[in-house]
Amino acid sequence: MRILILGATGRTGRFLVEETLKRGFNINVLVRDKNKIDASSNLISVFEGIPTDKEALTNAMRGCDSVMSALNISRTSDFPWAKLRTPKSFLSDTMKNIIEATKKVSLERIIITTAWGVAETKKDVPAWFRWLIDHSNIGYPYRDHELQEELLKNSTLNWTIVRPVGLTNSLKEKCIIVTVDNSPKPTLTIGRQSVARFMINALQNNLYLKESPTISEK
């Protein structure tokens, strides 16, 4: 199997690359700057470009069986009102390109991360966080995540949308709680490495097809 990983140099994407290589997968990565990724493994092929560039994305998808995306709209810092580094429609524009490109490269499986608090799960997050979504720059990623989810759900692809709760850099292996329709209630944090492993397990075992589980850790 060959997987295209999008967002490979990001904080969650780095774990996706690490975990897929550990399991012996061949991977393609599409990165803005090829010097920012370790390409020493013979299992990794690096493509330079951005996913909103249709040609660059299609080239990176050729020969792949699936796509895993950890892309997000980024800010200049974690401060809720920090300026955006990426366009407000970055995620939905990328998803439009992915869906279009799948018709050229015969690819059907895609797994993406969005967030707890997107779409119907917004009502389930703490009230103070809903306020931040509505009144700060945190809201832009949530709204664009919702748009890319809608695009994916209306496609013919075999998709899985993973909605992690608050992300941490913890490397401790913990039991993952999988929440559907707010049951069981999620906790508030999960390690990025755990998210990466969950995504890869879903791919390997063909789990959560056309489902949108929220994940957290005990």
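These remarks concern the structure in this document.

Examining the packing of aromatic side chains
Inspection of every chain in the model, using the stated rule, returns five aromatic pairs. Their ring planes at 65° and their centres at 6.3 Å tell us that W81 and W131 sit as a pair that is edge-to-face. Here the residue W81 occupies a position in the loop between β4 (66–69) and α3 (90–105), and W131 occupies one in helix α4 (residues 127–135), the gap between them amounting to 50 residues. Consider the rings of W128 and F129, whose centres lie 5.5 Å apart with planes at 85°: the pair is edge-to-face. Since its relative accessible area comes to 18%, F129 is described here as buried. Through successive ring pairs, a cluster of aromatic residues spans F79, W81 and W131. Geometry around Y140 places R143 over its ring, the cationic atom sitting 5.1 Å from the centre.

Things to note about the sheet that holds strand β1 (residues 2–6)
With mixed pairing, the eight strands of this open sheet are ordered in space as β3-β2-β1-β4-β5-β6-β10-β8. Either end of the sheet is taken by a strand with one partner, and the two such strands are β3 (44–48) and β8 (176–179). With strand direction ignored, the average angle separating the axes of adjacent strands in the sheet is 20°. In terms of strand pairing, β1 meets strand β2 (residues 26–31) through five bridges, oriented parallel. What sits directly across from R2, in β2, is N26. Across the sheet, helix α5 (residues 139–153) is in contact with β5 (109–113) and β6 (158–164); its angle to β6 comes to roughly 155°.

A few points about the packing of α3 against α5
In the contact formed by α3 and α5, the axes pass within 7 Å of each other and the chain directions differ by 20°. Judged by the inter-axis angle, α3 sits roughly parallel to α5. Judged by the sense of rotation from one axis to the other, the crossing of α3 with α5 is right-handed. Contact residues: α3 offers F90, L91, S92, M95, K96 and I99, while α5 offers P141, D144, H145, L147, Q148, L151 and L152. The class makeup of the residues in the contact of α3 with α5 is eight nonpolar, three polar and two charged.

Calculation rules
- Residues numbered from 1 in each chain as written.
- Predicted model: local features only at pLDDT ≥ 70, side-chain atom pairs only at ≥ 80, totals over all residues.
- Heavy atoms only, no water.
- Phe/Tyr/Trp six-rings, centres within 6.5 Å; stacked < 30°, edge-to-face > 60°.
- Helix = DSSP H or I, 4+ residues; strand = E, 2+ residues; numbered from the N terminus.
- Buried < 20%, exposed > 50% of the residue type's maximum accessible area, 1.4 Å probe, protein only.
- Lys NZ or Arg CZ within 6 Å of the ring centre and 35° of its normal.
- Pairing = 2+ DSSP bridges.
- Axes fitted to C-alpha atoms, helices over the stretch in contact; angles between N-to-C directions.
- Contact = heavy atoms within 4.5 Å.
- Parallel < 35°, antiparallel > 145°, perpendicular 65-115°, else oblique.
- Left-handed = near helix turned anticlockwise from the far one by under 90°.
- Nonpolar A, V, L, I, M, F, W, Y, C, P; charged D, E, K, R; others polar.

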